[in-house]
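# Fold and contact review
Now for the letters of each chain:
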Amino acid sequence: MSQLPTTLEDSIALAQTATLAAIADGCQRITIEIAIPELKSMNLARQFIEAFSDRGNTLKVLFPDTGAAALAKRDWSDLNFKIDDLGSSRSPIVDKIQAEDQIFIAIEPSAVEVAQVEQLCNAAGDRPVILFLPKLEDAAIVGIGYAARQLRDRFLTTLTCAYYIKPLETAAIYRCYPAQWQVWEERGDDYTLLAESPQKPVGDELDAMLMPSNPTSGDNPTPAKSPGVFASLGRFLRTLSR
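The structure reproduced in this document is the subject of the present report. Remember, it's a predicted structure, so these values are computed and weren't measured experimentally. (Residues numbered from 1 in each chain as written. Predicted model: local features only at pLDDT ≥ 70, side-chain atom pairs only at ≥ 80, totals over all residues. Heavy atoms only, no water.)

## Details of helix 7 (residues 203–210)
Residues of helix 7 that are buried: Leu 206, Met 209 and Leu 210. Summarising the axial view, the buried residues of helix 7 lie within an arc of 95°, below the 170-degree limit, and thus occupy one face. Of the surrounding elements, those touching the buried residues of helix 7 are strand 7 (171–176), strand 8 (181–187) and strand 9 (190–197). (Buried < 20%, exposed > 50% of the residue type's maximum accessible area, 1.4 Å probe, protein only. Helix = DSSP H or I, 4+ residues; strand = E, 2+ residues; numbered from the N terminus. Arc of directions from axis to C-beta. Contact = heavy atoms within 4.5 Å.)

As structure tokens, this is what we get:
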């Protein structure tokens, strides 16, 4: 990938292509993340799902609760795939999985639904499960101690991120499967590829990637300032906020 996507349409198309490539390579638990607060998840989800429109009734799209599922059934009545929710203690997700279901897409599951998502993935077996805009690692909900570590070791580490983009103040974290994770830095009105990593760069590793290009004062690095976050992705952000 020689550059970052500059429009919402580009980003969706890349996410679709990356997801299909991951499925073709045998990945069964896939995440798609566009970490931008202005995101309108329902509009973006519908556009993303269009890549699977040929799956018909073999595609099942799942929402966190019955209200969101009902809203989607109303607004997406022209589409031919099945819509349901992730279940509850009285209506477990395993009871919602049918033999004809061949692919599952869970829309914006949060840490509240992490147990149902894990059950979905286990029950799906070798059928692909795509988590679209997941928020499964909220420390305030899943915790930061032993139980949270167990969750990560048992389930979250089994997920393959096919597509990810997150703007920072003067940089961006990006991944488009099968490429590695990338860190891009804003330079003037454009972005330059700064570093690549086989794992998602976070914490000290991310700081180390960004630090060489940041101005310093003494021993304390000072983050570079920019007149606008993701200035070169203005059209992308404006489209998301519509």
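Let's pick the thread back up.
## What to know about the pairing of strand 7
Burial analysis of strand 7 places 6 of its 6 residues in the buried class, which makes it a mostly covered element. Residues of strand 7 alternate between two faces, with Ala 171, Ile 173 and Arg 175 on one and Ala 172, Tyr 174 and Cys 176 on the opposite face, all of them buried. In this structure, strand 6 (residues 160–167) lies alongside strand 7, joined through 5 bridges in antiparallel fashion. When the sheet's bridge partners are listed, Pro 167 is paired in strand 7 with Ala 172. Turn length for the strand 6-strand 7 hairpin, with the two strands adjacent in sequence and antiparallel, is 3 residues. Bridging between strand 7 and strand 8 involves 4 bridges; their strand directions are antiparallel. Bridging across to strand 8, Ala 172 finds its partner in Trp 184. Here strand 7 hands over to strand 8 after 4 residues, the two strands then running antiparallel side by side. (Pairing = 2+ DSSP bridges.)

## Focus: the packing of helix 1 (residues 8–24) against helix 2 (residues 41–49)
Direction vectors running N to C along helix 1 and helix 2 enclose 50°, while the axes themselves pass 9 Å from each other. It follows from the interaxial angle that helix 1 and helix 2 lie oblique. As helix 1 packs across helix 2, the resulting crossing turns out to be right-handed. In contact with Leu 8, Ile 12, Ala 15, Gln 16 and Thr 19 of helix 1, helix 2 contributes Leu 44, Gln 47 and Phe 48. When grouped by side-chain class, the residues that make up the contact of helix 1 with helix 2 number 5 nonpolar, 3 polar and no charged. (Axes fitted to C-alpha atoms, helices over the stretch in contact; angles between N-to-C directions. Parallel < 35°, antiparallel > 145°, perpendicular 65-115°, else oblique. Left-handed = near helix turned anticlockwise from the far one by under 90°. Nonpolar A, V, L, I, M, F, W, Y, C, P; charged D, E, K, R; others polar.)

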